[in-house]
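A structural walkthrough
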Amino acid sequence: MSELWRDEYKLLEKKLAERGLDGKQIRTAIKNFRCETPSWGYGPSGTRFGVFAQPGEARTVWEKFEDAAECHRLTKVCPTVAVHIPWDKCEDYNKLKAYAAERGVAVGAVNPNVFQDKAYQFGSFGHPNKDVRKKALAHMQECAEIMRATGSDILSLWFADGTDYPGQDDFRARKRRFEEDLKATYALLPKNARMLIEYKFYEPAFYGTDLPDWGMALLMAQKCGERAQVLVDLGHHAQGVNIEQIVATLIDEQRLGGFHFNNRKYGDDDLTCGSINPYELFLIFVELVTAEAEPKTLPFPIAYMIDQSHNSKPKLEAMIQTVEFIQSAQAKALLVNRKKLNEARAKLDVVGAERCLTEAFNTDVEPLLKSVREELGAALDPVAAYRSSDYHERKSHERSGKAVGAGLGVN
Ligand code: PSV
Ligand code: MN
């Protein structure tokens, strides 16, 4: 790789000093940023219309962790892996913990799955039948035990519950069932663990989703306790919704628990984060880095997680590319001169305030990221390093045969 970026970095350092920004602080924030990758982003997935297996894709939970470890080896910022149960069900979770540790990673958030089993056709916690709710709660208990065995401190909840037609069920009764079962789940959490509640406005329910928006997720979190927080999945909003404002509101209420990064154009598309609307991602990060720079604003660290599963891009390559996009948005957000921004706001200088943002967004942060990656011992250009390695080819040879377990769109 050409060394030109070093000169570019020196120039950028000068530019930052000129803008009155603290380069050291910015580097530290980039260096400390960590992002969890999802096991389901490495395994088989598909659309409603079909599943097209990719050569070399992970077939088992062990292989998913192998790929996640490769992502971490190249980026050095993805040390944890979210698991989805039962997709990643295994006989011995202590063994999984040790296997992960040997490869330099660890189990991150545990995601219960109360949407795929036939019993959940009409819901889980929202189901009118007590036995189905009991079954869902028993699964929560199983997940809490997996958390204990693996050392995970996040239970990440998403429910497919809802109704398809007007009149199908009683909204208030469903809300009360959810409240009761979420409280019961909260009581199952291991000590010091958190419970994140994810919302989604539609799909698979087409009329009324039980946890459709941040308001409902927040309400439920507040009813459960301070270790219950909201999870924002970037693909779970209607067109045009101001996600950065939601993020700011949740931060202010001390209930922003974590993120599921991805991007959407139409529905819950699970596209590469930042590939469709990088400016929106940047604006979200402006809220995040501002809060992170303030003491005592966040009761718990924000859990940054990716929730993507690629069908057209090679999975591991797409994951590494995603991490790069996210780091770029964070770095740009860190370049906003917040002092100048606050002054412009106080003077009602609308253009001046916006220019503080665009100046940062338009800065080329690649040299800065390369310099931090060098310090972290990561590949300077992780995607390029992966593409020129023989990892994909090797795995394609090793991994022939059918996947074990299920994944997105795969039953
Ligand atoms: C649902 O669309 C979701 O975003 C939830 O986070 C699930 O856990 C994940 O996708 C995988 O189905
Ligand atoms: Mn999600």
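Treat the numbers as computed from the prediction; the structure is a model and nothing was measured. (Residues numbered from 1 in each chain as written. Chains lettered and ligands numbered in written order. Predicted model: local features only at pLDDT ≥ 70, side-chain atom pairs only at ≥ 80, totals over all residues. Heavy atoms only, no water.)

Close contacts around ligand 1 come from 14 residues, with Glu 198, Lys 200, Asp 233, Asp 268 and Asp 307 the closest. His 260 is positioned such that a nitrogen or oxygen atom in its side chain is 3.2 Å from an oxygen atom of ligand 1. At 2.7 Å from an oxygen atom of ligand 1 is found a side-chain nitrogen or oxygen belonging to Asp 307. For ligand 1, whose unbound accessible area comes to 310 Å², protein coverage reaches 94%. (Near = heavy atom within 4 Å. Polar contact = N/O pair within 3.5 Å; in protein donor to acceptor, adjacent residues only side chain to side chain. Areas by Shrake-Rupley, 256 points an atom, 1.4 Å probe, with all protein chains shown as cover.)

Coordination of the manganese ion (ligand 2) by the protein comes from Glu 198 (OE), Asp 233 (OD), His 260 (ND1) and Asp 307 (OD), over a distance range of 2.1 to 2.2 Å. Between the 6 donor atoms coordinating the manganese ion (ligand 2), the angles at the centre fall across 71 to 165°, so the site counts as octahedral. Read in sequence order, the donor residues coordinating the manganese ion (ligand 2) give the pattern E-x34-D-x26-H-x46-D. Of this pair, Glu 198 sits in strand β8 (residues 194-198) while His 260 sits in strand β11 (residues 256-261), and the two are 62 residues apart along the sequence. Of the two residues, Glu 198 and His 260, neither departs from the other in class, the shared state being buried. (Donors = N, O, S within 2.8 Å, 3.2 Å for Na, K, Ca; no water. Tetrahedral: all angles 85-135°; square planar, octahedral: opposite > 155°, others 65-115°. Helix = DSSP H or I, 4+ residues; strand = E, 2+ residues; numbered from the N terminus. Buried < 20%, exposed > 50% of the residue type's maximum accessible area, 1.4 Å probe, protein only.)

Taken as a whole, this structure holds 21 aromatic pairs when the rule is applied. Seen in terms of ring centroids, Phe 125 and Phe 159 are 4.9 Å apart; in terms of plane orientation they differ by 40°. Their pairing is tilted. Of this pair, Phe 125 sits in the loop between β5 (106-112) and α5 (130-150) while Phe 159 sits in the loop between β6 (154-157) and β7 (162-163); the two residues are 34 residues apart in sequence, bridging distant segments of the chain. Taking relative accessible area as the criterion, Phe 125 reaches 0% and is therefore assigned buried. You can call Phe 159 buried: its relative accessible area is 4%. (Phe/Tyr/Trp six-rings, centres within 6.5 Å; stacked < 30°, edge-to-face > 60°.)

Looking now at the pairing of strand β10 (residues 228-233). With 6 of its 6 residues buried, β10 lies for the most part within the structure. Summarising the sheet, β8 and β10 pair through 4 bridges and their orientation is parallel. Counterpart to Glu 198 in the pairing with β10 is Leu 231. Pairing of β10 with β11 involves 4 bridges; the strand directions are parallel. (Pairing = 2+ DSSP bridges.)

With 15 residues, helix α3 (residues 61-75) extends 21 Å between its outermost C-alpha atoms, agreeing within 8% with the 21 Å of an ideal straight helix rising 1.5 Å per residue. Of all 15 residues that make up α3, 12 are buried, and the element is covered over most of its length. Considered for burial, the residues of α3 that qualify are Val 61, Glu 63, Lys 64, Phe 65, Asp 67, Ala 68, Ala 69, Glu 70, Cys 71, His 72, Leu 74 and Thr 75. The first or second residue beyond α3 is Lys 76, which carries a positive phi of 60°. (Expected span 1.5 Å × (residues − 1).)

With that out of the way, let us pick up a nonpolar patch on the surface. Residues Phe 201, Tyr 202 and Phe 206 make up a contiguous nonpolar surface patch of about 300 Å² in total accessible area. Along the chain, Phe 201 turns up in the loop between β8 and β9 (208-209). Residue classification places Phe 201 among the partly exposed positions, given a relative accessible area of 32%. (Patch = residues over 30% accessible without salt bridge, like charges linked within 9 Å, V, L, I, M, F, W, Y side chains within 5 Å. Salt bridge = Lys/Arg side-chain N within 4 Å of Asp/Glu carboxyl O.)

Looking now at helix α10 (residues 315-334). Under the 1.5 Å per step criterion, the end-to-end length of α10 is 29 Å for 20 residues, consistent within 8% with the ideal 28 Å. With 18 of 20 residues buried, α10 lies mostly within the body of the structure.

To characterise two packed helices, one gives the angle between the axes of the helices and the distance between these axes. At a closest axis distance of 10 Å, the pairing of α3 and α10 adopts a crossing angle of 40°. Handedness of the crossing formed by α3 with α10: right-handed. For the pair formed by α3 and α10, the contact residues are Asp 67, Glu 70, Cys 71, Leu 74 and Thr 75 on the first element and Leu 316, Met 319, Ile 320 and Val 323 on the second. Of the residues that constitute the contact of α3 with α10, the class distribution is 6 nonpolar, 1 polar and 2 charged. (Axes fitted to C-alpha atoms, helices over the stretch in contact; angles between N-to-C directions. Left-handed = near helix turned anticlockwise from the far one by under 90°. Contact = heavy atoms within 4.5 Å. Nonpolar A, V, L, I, M, F, W, Y, C, P; charged D, E, K, R; others polar.)

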